[in-house]
Every structure is written in structure tokens, then in C-alpha cells.
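# Descriptive structure summary
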Amino acid sequence: MKRIILTLSVILFSQITNAQTNLENNYKIELGLQGISVGTEIPLSDKFLADINLGWGGITDLWHNGISYEWSKNSNSIFARGQIRYYLNRERREEKGHSLKNNAGTFIAYQTKFYFSGTDYYSPQVGKSWLNEVQFGQQLPLGNHFIFRYYAGIGNGYDFDYKNSKFYPALGLAFGYAF
């Protein structure tokens, strides 16, 4: 019980302190393994950030033996993605002289992503899917406007049309331009 109270106190204290590590509201375009998207990063506090995107990319096939991802002429979809990030080390980054530009830092995140269409090109067919992931990652500035983000974690995908659900390892990276 003491550990829980201590942990909550540390998190609360980190939220109350007014450090110069404020997150920035950014509009951006990104290209990554999962597609191309436009979106915005909205600070919720000094440690929490919401990342909301619309994009176009490949489809996730949730089948009885596993999960696969493909982005081709026959397999693509529009998607909506939302992510809540909790930043862990922005104060330490600042102390070491590293840039905080473009919301740089190490984070833990929850991400949800919905693919609006599947394909009937394959047998069995692929339907609309919803992916939920818990991630550990880092976002880094590449100059004044460019960003690089990578993450690893665990996810669960669900195919609404064909009622398949799978857990999977989540890996990703993206390059972006922040306006």
C-alpha cells in the first residue's frame, strides 16, 4: 500500500511542478511502416499528450494461425488513430542538454487504431479491424521540424466482419514533419 501511495505521490508531484518541459501543440504529416497520416499532437498536461491522426495505409489480416500486415494495390485502407502518451524523462533530457523540440522524449502510450475497410482479394477475406496497443517508445527531433518516433509493445487486434481476435507484438517507426 505504501508503494502505491508513494508512486501516486511522485506522479502527482511531477504533474504539479512547473518545469520548462512543456509539451507543444503540433500539426504534422508522418510516413511510417503503417502508412501515411496527417494529425495533431495536443498537450493534456506537462507529461500527457494526445496524438490524433487520419491516414491511409495497409490492412491487418487477423487469421486463425496468426496476424499479418500488407500494404499494396489490393490491400489498403483509410484509418483513424488515437494515442495517449505519458512522457517519462523530459526533465532529464533537458538536464543533459538534449532537445525537447517537437515533443521529444521517452514515453509509455496507449494507442487505438481503426481500419475503415478490408479487402475481398484474399481468401479468407479481411474485414474492418480495430487494433489496441500498449507501447514503450521514444520520439526524437531531427532538426527544427522533422521527427523520428519508434516503439515496441503488445497489441490486440479484432476483425469486426469475420470475428477474429489476436494478440501480437507491436513494433513501429515513423518519420514526420511538424508544422
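These numbers come from a predicted model, not from an experiment.

Our focus in this paragraph is the packing of aromatic side chains. Applying the stated criterion to the full structure yields eleven aromatic pairs. Pairing Tyr158 with Phe160 gives two aromatic rings, centres 5.1 Å apart and planes at 85°, and the pair type is edge-to-face. Given a relative accessible area of 31%, Phe160 falls into the partly exposed group. Between Tyr177 and Phe179, the aromatic rings sit 5.2 Å apart at their centres with planes inclined by 75°, giving edge-to-face as the arrangement. By relative accessible area, which is 61% here, Phe179 ends up exposed. Chaining the aromatic ring pairs together yields one cluster made of Phe114, Phe116, Trp130, Tyr158 and Phe160. Over the face of the ring belonging to Phe107 we find Arg85, whose NZ or CZ atom lies 5.1 Å from the ring centre. Above the ring of Phe79, the side-chain terminus of Lys113 is found at 4.1 Å from the ring centroid.

Turning to the sheet that holds strand β3 (residues 48-57), a few remarks are in order. One closed barrel holds the eight strands; their spatial order is β1-β2-β3-β6-β7-β8-β9-β10, and the pairing between them is antiparallel. Recorded for the sheet is a direction-independent mean angle of 30° between the axes of neighbouring strands. In terms of strand pairing, strand β7 (residues 105-115) meets strand β8 (residues 129-142) through eleven bridges, oriented antiparallel. The residue of β8 that forms the bridge with Gly105 is Gln139.

Definitions and limits used
Residues numbered from 1 in each chain as written. Predicted model: local features only at pLDDT ≥ 70, side-chain atom pairs only at ≥ 80, totals over all residues. Heavy atoms only, no water. Phe/Tyr/Trp six-rings, centres within 6.5 Å; stacked < 30°, edge-to-face > 60°. Buried < 20%, exposed > 50% of the residue type's maximum accessible area, 1.4 Å probe, protein only. Lys NZ or Arg CZ within 6 Å of the ring centre and 35° of its normal. Pairing = 2+ DSSP bridges. Helix = DSSP H or I, 4+ residues; strand = E, 2+ residues; numbered from the N terminus. Axes fitted to C-alpha atoms, helices over the stretch in contact; angles between N-to-C directions.

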